[in-house]
Amino acid sequence: MNFQWFKRVGIFFFPVSLIGWLVLSGGLAYAVYAFIDIDRRSHSVSDTLINFAFRLLLIGAVYLSIAFLTSRSEKNK
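## So, the overall build of the chain
Assigned secondary structure in the chain consists of two helices and three strands. Looking at the chain as a whole, 21% of its 77 residues qualify as buried. Put simply, the chain shows about 5,800 Å² of open surface, and 69% of that area lies on carbon and sulfur atoms.

## Concerning helix 2 (residues 45-69)
The end-to-end C-alpha distance of helix 2 is 36 Å, a good match for the 36 Å that 25 residues give at a rise of 1.5 Å each. The complete set of buried residues in helix 2 reads Thr-48, Phe-52, Ile-59, Tyr-63 and Ala-67.

## Observations concerning the environment of Ser-25
Take Ser-25: it is sitting in helix 1 (residues 18-41). A polar contact of 3.2 Å, which involves the side chain of Ser-25, links it to the backbone oxygen of Leu-22.

## Focus: the packing of helix 1 against helix 2
Where helix 1 meets helix 2, the axes come as close as 10 Å, and the angle between the chain directions of the two elements is 165°. As far as their axial angle goes, helix 2 and helix 1 are roughly antiparallel. Crossing of helix 1 against helix 2: the hand is right-handed. Side by side, helix 1 and helix 2 meet where Val-23, Leu-24, Gly-27, Tyr-30, Ala-31, Ala-34, Phe-35, Asp-37, Ile-38, Asp-39 and Arg-41 of the first sit next to Thr-48, Asn-51, Phe-52, Arg-55, Leu-56, Ile-59, Tyr-63 and Ile-66 of the second.

Basis of the calculations
- Residues numbered from 1 in each chain as written.
- Predicted model: local features only at pLDDT ≥ 70, side-chain atom pairs only at ≥ 80, totals over all residues.
- Heavy atoms only, no water.
- Helix = DSSP H or I, 4+ residues; strand = E, 2+ residues; numbered from the N terminus.
- Buried < 20%, exposed > 50% of the residue type's maximum accessible area, 1.4 Å probe, protein only.
- Areas by Shrake-Rupley, 256 points an atom, 1.4 Å probe, with all protein chains shown as cover.
- Expected span 1.5 Å × (residues − 1).
- Polar contact = N/O pair within 3.5 Å; in protein donor to acceptor, adjacent residues only side chain to side chain.
- Axes fitted to C-alpha atoms, helices over the stretch in contact; angles between N-to-C directions.
- Parallel < 35°, antiparallel > 145°, perpendicular 65-115°, else oblique.
- Left-handed = near helix turned anticlockwise from the far one by under 90°.
- Contact = heavy atoms within 4.5 Å.

Following this line, the structure appears as structure tokens:
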């Protein structure tokens, strides 16, 4: 595959193209939206944080899998 949206440096993935930046900003925007939605329906701080932590893990897993499949490592410049 020749599309490189991210650059892998160690264990981190940094966007290097417009599509990579869109994926990152979309994930962050969805995380903020999810937090506000969960906070609106929850009754306590622990309710909010427990439900948000699971959703944040899912967002992170999707981001990492997209970044892993469309990245180039430090060694493959």
